[in-house]
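Reading the structure
Each chain, written out:
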Amino acid sequence: MSTPKAVGAGTGDGDPLALALFGLTVVSGLIDAVSYLGLGHVFAANMTGNVVVIGFALAGAPGFSVLGSVTSLAAFLLGANLAGRSTAGRLRPALAAETALHLAAAVVVFAAGTGGAVQYPVIALLALAMGLRNATVRALGVPDLTTTVLTMTLTGLAAEPGSPRRRRRVLAALTMLAGVVPGSVLVLHGMAGWALVASAAITAATGALYRE
């Protein structure tokens, strides 16, 4: 029986799995737009960013929250741990859970907004969803399609300009932008809840269309 990594390593850009991961990269852009712009400069998908933000806050830089970033990190790690015990390597169950968590966060935002103490449960719900997804996608082992971070993908794009994976790397960056831009517009116009509804809808559609 082949491992998920062996399956993922041979995935082409038009393969159903790759298409699903491109869709989820759009969702990551939406989620980090909501969390960073609407929830106190915290990342729900990009944990490297949270470590940096904690450093900023500890140094006394204004506008950054140790508590918010620690909440995100803790929830993300919990989600990754849960996925490692249950859904790692099985995308559809993970996406069902992620959809439910995005919708729960949207309900909280519609009911109570994003300011004050309410931001912490919203951060926790979103980071929990991203931890579940990240561990699941990691187990699938598709190169350059982590869905949440682009550092190594862009490194590969620059270091290996003739690589057959060049198109995938460019598409990964573009799909992230395709989530960040509309997500940012919605948050800046006071519609963070609708950005979360959109993320839930895209995640649900990805899960419904993908066949493992």
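Fair warning: this is a prediction, and the values are worked out from it, not measured in the lab. (Residues numbered from 1 in each chain as written. Predicted model: local features only at pLDDT ≥ 70, side-chain atom pairs only at ≥ 80, totals over all residues. Heavy atoms only, no water.)

Okay, the pattern of salt bridges next. If you walk through the whole model with that rule in mind, you get four salt bridges. The partner of Arg-133 in a salt bridge is Glu-98, with the nearest N and O atoms 2.9 Å apart. With Arg-133 in helix H6 (residues 119-140) and Glu-98 in helix H5 (residues 91-112), the pair connects residues that are 35 residues apart, well separated along the chain. Considered together, Arg-133 and Glu-98 belong to a single accessibility category, that of buried residues. When the shortest N-O distance is used, the salt bridge between Asp-144 and Arg-165 registers 2.6 Å. Of the two residues, Asp-144 sits in the loop between H6 and helix H7 (151-159) while Arg-165 sits in the loop between H7 and helix H8 (166-188), which places them 21 residues apart along the sequence. For Arg-165, a relative accessible area of 32% corresponds to the partly exposed category. Beyond isolated ion pairs, a larger network of salt bridges with shared partners links Asp-144, Glu-160, Arg-165 and Arg-169. (Salt bridge = Lys/Arg side-chain N within 4 Å of Asp/Glu carboxyl O. Helix = DSSP H or I, 4+ residues; strand = E, 2+ residues; numbered from the N terminus. Buried < 20%, exposed > 50% of the residue type's maximum accessible area, 1.4 Å probe, protein only.)

Further remarks concern unusual backbone geometry. One non-glycine residue, His-41, lies in positive phi territory at about 60°. Tracing the chain through its elements places His-41 in the loop between helix H2 (16-38) and helix H3 (47-58). One non-glycine residue, Asp-144, lies in positive phi territory at about 70°. With relative accessibility at 15%, the residue Asp-144 sits in the buried group.

This part covers the packing of H7 against H8. Between H7 and H8, whose axes approach to 9 Å, the crossing angle comes to 140°. Taken as axis vectors, H7 and H8 run oblique relative to one another. Viewed along their axes, H7 and H8 form a crossing whose handedness is left-handed. Facing Thr-153, Leu-154, Gly-156 and Leu-157 of H7, the residues of H8 in contact are Arg-166, Arg-169, Val-170, Ala-172 and Ala-173. Here the residues of the contact of H7 with H8 sort into five nonpolar, two polar and two charged. (Axes fitted to C-alpha atoms, helices over the stretch in contact; angles between N-to-C directions. Parallel < 35°, antiparallel > 145°, perpendicular 65-115°, else oblique. Left-handed = near helix turned anticlockwise from the far one by under 90°. Contact = heavy atoms within 4.5 Å. Nonpolar A, V, L, I, M, F, W, Y, C, P; charged D, E, K, R; others polar.)

The subject of this paragraph is helix H9 (residues 192-209). Two residues of an α-helix separated by three or four positions point the same way, owing to the 3.6 residues in each turn. When the terminal C-alpha atoms of H9 are compared, their 26 Å separation across 18 residues agrees well with the 26 Å that a helix rising 1.5 Å per residue should span. Within the sequence span of H9, burial applies to Ala-192, Gly-193, Ala-195, Leu-196, Ser-199, Ala-200, Thr-203, Thr-206 and Gly-207. The arc enclosing the buried residues of H9, seen along the axis, measures out at 160°, which places them on a common side. In H9, those exposed residues whose orientation departs by more than 90 degrees from the buried face are Trp-194 and Leu-209. Next to the buried residues of H9 lie H2, H5, H6 and H8. (Expected span 1.5 Å × (residues − 1). Arc of directions from axis to C-beta.)

With that settled, the discussion passes to the nonpolar core. In terms of nonpolar packing, the biggest core is built from 30 residues, with Ile-31, Val-34, Leu-39, Val-122, Leu-126, Met-130 and Leu-196 touching the most fellow members. Of all the secondary structure elements, the ones that give two or more residues to this core are H2, H3, helix H4 (66-85), H5, H6 and H9. Of the residues forming this core, the biggest block, nine residues, is contributed by H6. Excluding residues that lie within four positions of it along the chain, Met-130 makes contacts with Ser-28, Ile-31, Ala-44, Ala-45, Phe-76, Glu-98, His-102 and Thr-148. In terms of nonpolar packing, the next biggest core, distinct from the first, is built from 17 residues, Phe-22, Leu-95, Val-137 and Val-142 among them. (Core = buried A, V, L, I, M, F, W, Y, C linked by side-chain atoms within 4.5 Å.)

Further remarks concern the packing of aromatic side chains. Aromatic ring pairs are reported here in terms of the distance separating the ring centres and the angle at which the planes meet. Counted by the stated rule, this structure contains three aromatic pairs. Pairing Phe-110 with Trp-194 gives two aromatic rings, centres 5.1 Å apart and planes at 70°, and the pair type is edge-to-face. Taken together, the residues span a long stretch of sequence, with Phe-110 in helix H5 and Trp-194 in helix H9 at a distance of 84 residues. You can call Phe-110 partly exposed: its relative accessible area is 45%. (Phe/Tyr/Trp six-rings, centres within 6.5 Å; stacked < 30°, edge-to-face > 60°.)

Looking now at the confidence of the model for the chain. Interpreting fine coordinate detail is not advised for predicted regions of low pLDDT. On average, residues of the chain carry a pLDDT of 92, and 94% of them reach 70 or more. Every residue in residues 1-7 scores below 50 in pLDDT, and together they form six contacts with partners more than four places removed in sequence or on other chains. (pLDDT = per-residue confidence, 0-100.)

Moving on, we get to H8. Spanning 23 residues, H8 covers 33 Å between terminal C-alpha atoms, matching the ideal 33 Å at 1.5 Å per step. Those residues of H8 lying buried are Arg-168, Arg-169, Ala-172, Ala-173, Thr-175, Met-176, Gly-179, Gly-183, Ser-184 and Val-187. Looking at the buried side of H8, the elements it contacts are H2, H7 and H9. Positive backbone phi, at 75°, marks Gly-190, one or two positions downstream of H8.

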